[in-house]
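Survey of secondary and tertiary structure
This is what each chain is made of:
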Amino acid sequence: MIILGIETSCDETAAAVVRGAGDKVEVLSNVVASQIEIHKKYGGVVPEIAAREHVLNILPVINEALEKANLTPFNSLFVRRVEAIAVTVGPGLVTSLLVGVETAKTLAYVWRAPVVAINHIEGHIYANFIKPPLPPSSGGRQRTIKFPAVILTVSGGHTMLVLMSGHGQYKVLGETRDDAAGEAFDKAAQLLGLGYPGGPAVAREAERFTGSDAGTGRIKLPRPMMDSANFDFSFSGLKTALFYQLERNKDWQERVSEYAAEFQRAAVEVLVAKTVKAAKALNCQTVMLSGGVAANLELRSQLGKAVAEQLAGANLIIPQFTYCTDNAAMIAAAGYFRAKRKDFVPWQKLKTEPNQELA
Ligand code: KG4
Ligand code: ZN
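Residues numbered from 1 in each chain as written. Chains lettered and ligands numbered in written order. Predicted model: local features only at pLDDT ≥ 70, side-chain atom pairs only at ≥ 80, totals over all residues. Heavy atoms only, no water.

Under the annotation held in an unreviewed UniProt entry, the chain carries the name tRNA N6-adenosine threonylcarbamoyltransferase and is attributed to Candidatus Falkowbacteria bacterium GW2011_GWA2_41_14. According to UniProt, the comment filed for the chain under the heading Catalytic activity (unreviewed entry) is "L-threonylcarbamoyladenylate + adenosine(37) in tRNA = N(6)-L-threonylcarbamoyladenosine(37) in tRNA + AMP + H(+)". Taken verbatim from the UniProt record of the chain, the Sequence similarities (unreviewed entry) comment is "Belongs to the KAE1 / TsaD family." (UniProt positions renumbered as here; feature names shortened; annotations may be inferred.)

This is the structure in structure tokens:
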């Protein structure tokens, strides 16, 4: 089944074409027009500007995705070849979502193609279902996803532990009570003068620090809610603790990488501990990672170690880097599994759901 995915929930205009068969999803094209350079000077996403950029980019991006997948628009045959359109309806910025949703609706009307409405978080989760390029050494074997699975979703807007008991079946086990993990990275970067987006900047800076005493004495940040008896998170205190430490330590500018390393370590430790705790408590054999912060190397490696050491026989599934941050291939992948179940929305009823919860 050939699916066109459309994603405009925040500041990336994205379109992708995937082919789904059985339980496998293969990406035929994946186009992302990033607005990072535009929002950089404001230190964050400006919704009004994001929406205007989506309007400029959406059709060229879709056109490019179709061309790269060898589906030429304006060709009558093509109409039959896109078998469903998957679009992000929420959560996200309403003015941004509107652009993708209205475009999907129009294409569905013109092409007579069915539409699937996708939750953005569900999209992030399905980045794990995209077929990875198989390294020759793997002998063609892929790690299998077995339900129930625990998924740690960490992005700029969300931090959640989700129990997935089957396709489209989710239970939110816990979430952040204040800032999202990605947001915390972004704010820490701002405090440390590292620019925007903060996640990759903090990670790069942390990597420069090779001192053996990171986090063991000189600089120590809290691990918020590490031992709480639930699966919730809190990151605003971590950011505040960093702020006060910088205020107190006048020489901090000479030790930026040390602060970045300890900040990253604190955030990663809490995320890893809670994820493993959830997988243990719920007897899950599969752990998945998703969202923009899933691109963080320290998180990937620490979670890998913890799963191997503490969850006997369990598998950790991690998306390829390209599919961690916002993209439409993950939306199309989620769309494929919904389309398989014929979970379509009549185009007349398609609408944005800016505060939609994962259900
Ligand atoms: O999933 P995403 O593209 O957008 C949302 O749905 O929010 O996530 C963006 C977030 C940003 O906060 C960014 O700083 C963070 O992901 N991020 C990272 C890394 N790459 C992106 N955080 C930590 N380490 C990274 N390597
Ligand atoms: Zn996202």
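Still to come is the rest of the account.
1. Quick word on the site of ligand 1
Around ligand 1, the surrounding shell holds 17 residues, and the nearest of these are G156, D186, G199, N296 and D326. Within the contact set of ligand 1, an oxygen atom lies 3.0 Å away from a backbone nitrogen or oxygen of G292. N296 places a side-chain nitrogen or oxygen 2.9 Å from a nitrogen atom of ligand 1. Isolated, ligand 1 exposes 560 Å² of accessible area, and the fraction of that covered by the protein chains is 87%. Those elements giving two or more residues to the shell around ligand 1 turn out to be α5 (120–126), α6 (181–191) and α7 (198–208). Mapping the shell around ligand 1 onto the domain boundaries places at least three of its residues in each of domain 1 (2–131 + 323–349) and domain 2 (140–318). (Near = heavy atom within 4 Å. Polar contact = N/O pair within 3.5 Å; in protein donor to acceptor, adjacent residues only side chain to side chain. Areas by Shrake-Rupley, 256 points an atom, 1.4 Å probe, with all protein chains shown as cover. Helix = DSSP H or I, 4+ residues; strand = E, 2+ residues; numbered from the N terminus. Domains from an automatic or database assignment.)

2. Side note on the UniProt feature "binding site: substrate" (unreviewed entry) in the chain
Using the residue numbers shown here, the UniProt feature "binding site: substrate" (unreviewed entry) corresponds to T153, V154, S155, G156, G157, D186, G199 and N296. For V154, the position within the fold is in strand β6 (residues 149–154). If we ignore the near neighbours within four places in the chain, the residues touching V154 are T159, A181, L271, L289, S290, G291, G292, V293, A294 and L299. Along the chain, the position of G156 falls in the loop between β6 and β7 (159–166). Classification of G156 by relative accessible area gives partly exposed; the value is 46%. Leave out the neighbours within four places in its chain, and G156 touches A180, G182 and E183. (Contact = heavy atoms within 4.5 Å. Buried < 20%, exposed > 50% of the residue type's maximum accessible area, 1.4 Å probe, protein only.)

3. Details of the pairing of strand β1 (residues 2–7)
Taken residue by residue, a regular strand's side chains alternate between the two faces of the sheet. Among the 6 residues that make up β1, 6 are buried, leaving the element largely enclosed by the rest of the structure. Side chains I2, L4 and I6 project from β1 onto one buried face, and the interleaved I3, G5 and E7 project onto a second face that is buried too. Of the strand pairs in this sheet, β1 and strand β2 (residues 12–21) are connected by 6 bridges, and their pairing is antiparallel. By the bridge assignment, E7 is partnered in β2 with A14. The loop that links β1 with its antiparallel partner β2 comprises 4 residues. In this sheet, strand β4 (residues 84–90) lies alongside β1 in parallel orientation, the contact comprising 4 bridges. The partner of G5 across the bridge, within β4, is A86. (Pairing = 2+ DSSP bridges.)

4. Some points on the coordination of the zinc ion (ligand 2)
The protein atoms that coordinate the zinc ion (ligand 2) are H120 (NE2), H124 (NE2) and D326 (OD), at distances spanning 2.0 to 2.1 Å. If you look at the zinc ion (ligand 2), its 4 donor atoms make angles of 94 to 133 degrees with each other, and the shape they trace is tetrahedral. Of note, the zinc ion (ligand 2) draws all its donor residues from one chain, in the sequence arrangement H-x3-H-x201-D. Placement of both H120 and H124 in helix α5 is noted, with a separation of 4 residues, approximately one turn of the helix. With relative accessibility at 5%, the residue H120 sits in the buried group. Since its relative accessible area comes to 1%, H124 is described here as buried. (Donors = N, O, S within 2.8 Å, 3.2 Å for Na, K, Ca; no water. Tetrahedral: all angles 85-135°; square planar, octahedral: opposite > 155°, others 65-115°.)

5. Some remarks on helix α2 (residues 47–68)
For α2, with 22 residues, the first-to-last C-alpha span of 29 Å sits near the 32 Å given by 1.5 Å per residue. Remark: the principal bend of α2, roughly 45 degrees, maps to N57, with a proline, P60, within the next four residues. Within α2, burial applies to A50, A51, H54, N57, I58, V61, I62, A65 and L66. One or two positions beyond α2, positive phi appears at N70, with a value near 60 degrees. (Expected span 1.5 Å × (residues − 1). Bend = angle between axes of the 7 residues up to and from the residue.)

6. Looking at the side chain of R255
Mapped onto the elements, R255 comes out in the loop between α8 (236–248) and α9 (256–281). Setting aside residues no more than four positions away along its own chain, R255 makes contact with R218 and I219.

7. A few points about the domain arrangement of the chain
If you check the domain split of the chain, you get domain 1 (2–131 + 323–349) and domain 2 (140–318). Distance from the C-alpha centre of domain 1 to the C-alpha centre of domain 2: 28 Å. Each partner contributes residues to the interface: domain 1 has 23 residues there, and domain 2 has 26 residues. Of the roughly 1,800 Å² buried where domain 1 meets domain 2, counting both sides, 68% is carbon and sulfur surface. Broken down residue by residue, the surface that domain 1 buries against domain 2 is led by I125, N128 and C324, which jointly contribute 32%. There are 0 salt bridges connecting domain 1 and domain 2. Listed by contribution, the elements that provide at least two residues to the side of domain 1 that touches domain 2 are α1 (36–40), α5 and α11 (329–340). (Buried area = accessible area lost by both parts, 1.4 Å probe. Salt bridge = Lys/Arg side-chain N within 4 Å of Asp/Glu carboxyl O.)

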